[in-house]
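Per-entry structural report
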Amino acid sequence: MTQDELKALVGQAALAHVVPGELVGVGTGSTVNHFIDALAPMKDRIAGCVSSSQASTARLLAHGIRVLEATEVQGLPVYVDGADEIDHQGFMIKGGGAALTREKIVADLAERFVCIADASKRVEVLGAFPLPVEVIEMAAAQLVRRFQALGGTAALRLKADGQPLITDNGHPLLDVRGLQITDPLALETEINQWPGVVSVGLFARHRASVCLLGTPAGVQTLVF
Ligand code: 5RP
């Protein structure tokens, strides 16, 4: 099976975690796009969705799925999202699609985080995938130095035209390479305290409750 077929498989499997009549938190990315497409036929059996990005909102609306603002809801039974890496404890790196801040906000509303990922995302130690960090622009240079002191190399994420990528929230992103993240909870806590950090794409406090991992042998369910 191709990687995209594995993503489609777990996107479909996540439907089993949707609570009928309730709201669904929806992440961002190519795996989530499969989930949104799979969700469309049951749009009349859910109360609607809370989305983590403009891209996911556009896709949900194109399917005629009701989208509510995060400000309108007090909680969600479930949040479904992909990951760039996930370890054996359900800790994740996210933000490859630049949506990490809103993803964390919507995940924080949810009782359960259902991670959907193809098997390539499962790692022993987080950090081979560059860690995304959304930052306030004026702090970018000093945050680069802070990551350097940790042994990482941080650089602004650029678009194809060479200009800095700007998130849905209007901020640039740093991608940090070269970190071996052996204590995700401690590192997330540390980075969150640095002035100028909007959010870090380390999901330790908001780790997965369950991961539906797409493998050539089928969907493997990892419970954390
Ligand atoms: C977006 C994310 C995505 O969940 C992550 O990048 C995985 O993406 P994909 O499903 O396309 O592999 O965190 O900010």
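Residues numbered from 1 in each chain as written. Predicted model: local features only at pLDDT ≥ 70, side-chain atom pairs only at ≥ 80, totals over all residues. Heavy atoms only, no water.

1. Concerning the overall build of the chain
What the chain contains, in helices and strands, is six helices and 14 strands. Expressed as a percentage of its 224 residues, the buried residues of the chain come to 51%. Taking contacts inside the chain between residues at least 6 apart in sequence as the whole, the part at least 24 apart equals 72%. Surface summary for the chain: the accessible area is close to 10,100 Å², and the carbon and sulfur share equals 51%. (Helix = DSSP H or I, 4+ residues; strand = E, 2+ residues; numbered from the N terminus. Buried < 20%, exposed > 50% of the residue type's maximum accessible area, 1.4 Å probe, protein only. Contact = heavy atoms within 4.5 Å. Areas by Shrake-Rupley, 256 points an atom, 1.4 Å probe, with all protein chains shown as cover.)

2. Regarding the site of the ligand
Around the ligand, the surrounding shell holds 17 residues, and the nearest of these are Ser 30, Thr 31, Asp 84, Gly 95 and Lys 121. Here an oxygen atom of the ligand sits 3.2 Å away from a polar atom, N or O, in the main chain of Ala 99. Contact between the ligand and Lys 121: an oxygen atom at 2.7 Å from a side-chain N or O atom of the residue. Look at the ligand: alone it shows 380 Å² of surface, and the protein chains cover 92% of it. Looking at side-chain class alone, the shell around the ligand contains three nonpolar, eight polar and six charged residues. (Near = heavy atom within 4 Å. Polar contact = N/O pair within 3.5 Å; in protein donor to acceptor, adjacent residues only side chain to side chain. Nonpolar A, V, L, I, M, F, W, Y, C, P; charged D, E, K, R; others polar.)

3. Details of helix H2 (residues 30-39)
All buried positions along H2 are accounted for by Thr 31, Val 32, Phe 35, Ile 36, Ala 38 and Leu 39. The buried side chains of H2 occupy one side of the element, clustering within an arc of 165° when seen end-on. Those residues of H2 that are buried lie in contact with helix H1 (3-13), strand E1 (23-26), strand E2 (48-51), helix H3 (54-62), strand E4 (76-81) and strand E7 (110-118). (Arc of directions from axis to C-beta.)

4. Side note on helix H5 (residues 140-149)
For H5, the set of buried residues is Ala 140, Leu 143 and Phe 147. Viewed end-on, H5 has its buried residues packed into an arc of 60°, placing them on one side of the element. Opposite the packed face of H5, turned more than 90 degrees from it, sit the exposed residues Arg 145, Gln 148 and Ala 149. On its buried face, H5 is in contact with strand E8 (131-135), strand E9 (153-156), strand E10 (173-177), helix H6 (184-192) and strand E11 (197-200).

5. Considerations on the sheet that holds E2
In space, the seven strands of this open sheet follow the order E3-E2-E1-E4-E7-E13-E14, with mixed pairing throughout. Single-partner strands in this sheet number two, and they are strand E3 (67-68) and strand E14 (218-223). Pairing of E1 with E4 involves two bridges; the strand directions are parallel. From the neighbouring strand, Val 26 faces E4, where its bridge partner is Val 80. Most of the contacts of H1 go to strand E13 (residues 210-215), to which it runs at about 140°, and overall it touches E7, E13 and E14. (Pairing = 2+ DSSP bridges. Axes fitted to C-alpha atoms, helices over the stretch in contact; angles between N-to-C directions.)

6. A few points about the packing of aromatic side chains
Given two aromatic rings, their pairing is described by the distance between the two centres and the angle made by the two planes. Summed over the entire model, instances satisfying the criterion amount to three aromatic pairs. A ring pair is formed by Tyr 79 and Phe 113, whose centres lie 5.0 Å apart and whose planes are at 90°; its orientation type is edge-to-face. You can see Tyr 79 sitting in strand E4 and its partner Phe 113 sitting in strand E7, a full 34 residues away along the chain. Exposure remark for Phe 113: the relative accessible area of 4% places this residue in the buried category. Both rings, one in Phe 113 and one in Phe 203, keep their centres 6.4 Å apart while their planes meet at 85°; by these two values the pair is edge-to-face. Remark: Phe 203 occurs in strand E12 (residues 202-203) and Phe 113 occurs in strand E7; sequence separation between them is 90 residues. Overall, the relative accessible area of 0% leaves Phe 203 in the buried class. Through a chain of ring-to-ring contacts, the aromatic side chains of Tyr 79, Phe 113 and Phe 203 assemble into a single cluster. Over the aromatic face of Phe 203 sits the side chain of Lys 94, whose NZ or CZ is 5.5 Å from the ring centroid. In this structure, Lys 104 packs its charged tip against the face of Phe 203, placed 5.0 Å from the ring centre. (Phe/Tyr/Trp six-rings, centres within 6.5 Å; stacked < 30°, edge-to-face > 60°. Lys NZ or Arg CZ within 6 Å of the ring centre and 35° of its normal.)

7. A short note on the pairing of E7
Along E7, seven of the nine residues are buried, which leaves the element largely enclosed by surrounding structure. As paired strands, E7 and E13 are joined by five bridges and run parallel to one another. Paired with Cys 115 across the strands is Cys 211, a residue of E13.

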